[in-house]
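One-letter residues, chain by chain:
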Amino acid sequence: MSALKKPNASALPKPKPGILDISPYVAGKSKTKDAAAKILKLSSNESSLGPSPKALKAYSEHAAKLHRYPDSSVLELRKAIAAVHGLDAERIVCGAGSDELIGLLTHAYAGEGDEVLYSEHGFLMYKIYAQGSGATPVTAAEKNLTADVNAILAKVTPKTRIVYLANPNNPTGSYLAASELKRLHDGLPGDVILAIDSAYAEFADKADYSCGKELVDMTQNTVMLRTFSKIYGLSSLRIGWGYFPAAIADVLNRVRGPFNVSGVSIAVGIAAVEDVAYTEQVKKHNNIWLAWMSEELTKLGLLVHPSIANFLLVEFTSPGKTSAAANVFLMDRGIIAREVVNYGLPKCLRITIGTEEENRAVVDALRAFLA
Ligand SMILES: *Cc1c(COP(=O)(O)O)cnc(C)c1O
């Protein structure tokens, strides 16, 4: 056999333009240096209370059916979601997390020469999927760490295909009122999709907030994305869903994998979404501890940005006590927060609301850090 030829670069497999520009998503850390330490994982906005006991029961019961392919239409889960949220099941599409749906939507509607628009501190997956589909990511400046409708509309060009808005946004926790969502929609050309990512909608407790479902029903170019990873405590199972105009649902059903949602995810998702009382209990817990954490951290002299989600963006304003130093201090105590330098927020940490014990530990640790 002849020696391996040295490959010349033009003969090597090459990804499409844009792919190698992607900075891979960095997930919230789950370990500290001390492998044996008790960990308080407050880095990924998971529910500290975990899933509904009914969801756990459905999970165990599904063991007997693991050898079967799931229902590729995901009908029963879509029906359960539709019943709980008052939606049309025909226009719901489920995915392996809402991340997959962001990916499918972006790949189906944007490509080379197109633009995908989102606000300055918007959720990072919009950029990653835009780049992955060959489109150009474009950002619009925010005001007070909040999306600015005028700034977004000013960045729309004939190349814009999708405008993504996380509402409330991760990692800022801020939101646009329903009237602003409508103004944003009304300012967009009819061929631009407004994608409202309402991953934290179940936590929101403001009279002027809307998850966006009315706009989906009233327009042909608005979509709403949701997830079981946050309030439902099922991050590991990867279940997301979206509500779409019929034509867009049809497109996503053509491009998605036929078994993109596993059988166990379907069974557990149904049990979780139907346990409305448990969801309400988790929301109540969050209301109480979100307010408590905001107040306690503000008392410590930190700048706590208003949030309607299950996390807080905390800004370290004193030069000697930086967010990076705070992060190390917390990590040494087994508390894992999220650095948000890659979101353009180098002075901040994002901290998920935890159990009572976790929340008290965070406040105690930051008090010691700032002393
Ligand atoms: C967590 C999150 C998601 C993704 O959730 P999945 O686990 O993929 O369902 C989407 N959007 C925002 C804003 C999020 O914070």
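Summary of the structure given here.

Definitions and cut-offs
- Residues numbered from 1 in each chain as written.
- Predicted model: local features only at pLDDT ≥ 70, side-chain atom pairs only at ≥ 80, totals over all residues.
- Heavy atoms only, no water.
- Phe/Tyr/Trp six-rings, centres within 6.5 Å; stacked < 30°, edge-to-face > 60°.
- Helix = DSSP H or I, 4+ residues; strand = E, 2+ residues; numbered from the N terminus.
- Lys NZ or Arg CZ within 6 Å of the ring centre and 35° of its normal.
- Pairing = 2+ DSSP bridges.
- Axes fitted to C-alpha atoms, helices over the stretch in contact; angles between N-to-C directions.
- Contact = heavy atoms within 4.5 Å.

This brings us to the packing of aromatic side chains. Taken as a whole and judged by the stated rule, the model has 11 aromatic pairs. Ring geometry for Tyr25 and Phe123: centres 6.3 Å apart, planes at 70°, overall edge-to-face. A residue pair is termed long-range when its members are at least 10 positions apart, and Tyr25 in the segment before strand E1 (40–41) and Phe123 in the loop between strand E3 (115–119) and helix H4 (125–132) qualify at 98 residues. Taken together, Tyr25, Tyr118, Phe123, Tyr126 and Tyr164 form an aromatic cluster joined through their ring pairs. Sitting above the plane of the Phe369 ring, Lys321 keeps its charged end 5.4 Å from the centroid. Cation over ring: Arg333 sits above Phe329, and NZ or CZ is 3.4 Å from the ring centre.

With that out of the way, let us pick up the sheet that holds strand E2 (residues 92–95). Within the open sheet, the seven strands sit side by side as E2-E8-E7-E6-E5-E3-E4. Their pairing is mixed. Edge positions in the open sheet fall to E2 and strand E4 (136–140), since each of these has one partner strand only. Each strand axis lies, on average, 25° off the axis of its neighbour in the sheet, ignoring direction. With four bridges connecting them, strand E7 (residues 222–227) and strand E8 (residues 240–243) associate as antiparallel partners. When the bridges of E8 are listed, Thr227 appears paired with Gly240. The strands touched by helix H3 (residues 97–109) are E2, E3, strand E5 (160–166), strand E6 (193–197), E7 and E8; relative to E5, the strand with the most contacts, the crossing angle is about 160°. Contacts between H4 and the sheet are confined to E3, E4, E5 and E6, with E3 contributing the most and set at about 170° to the helix.

The next thing to look at is the sheet that holds strand E9 (residues 303–305). Ordered by their spatial adjacency, four strands build an open sheet running E9-E10-E13-E12, and the pairing between neighbours is antiparallel. One side of each edge strand has no neighbouring strand; the edge strands of this open sheet are E9 and strand E12 (338–339). The pairing of E12 with strand E13 (residues 348–352) spans two bridges and is classified as antiparallel. Across the sheet, the residue bridging to Glu339 is Leu349, located in E13.

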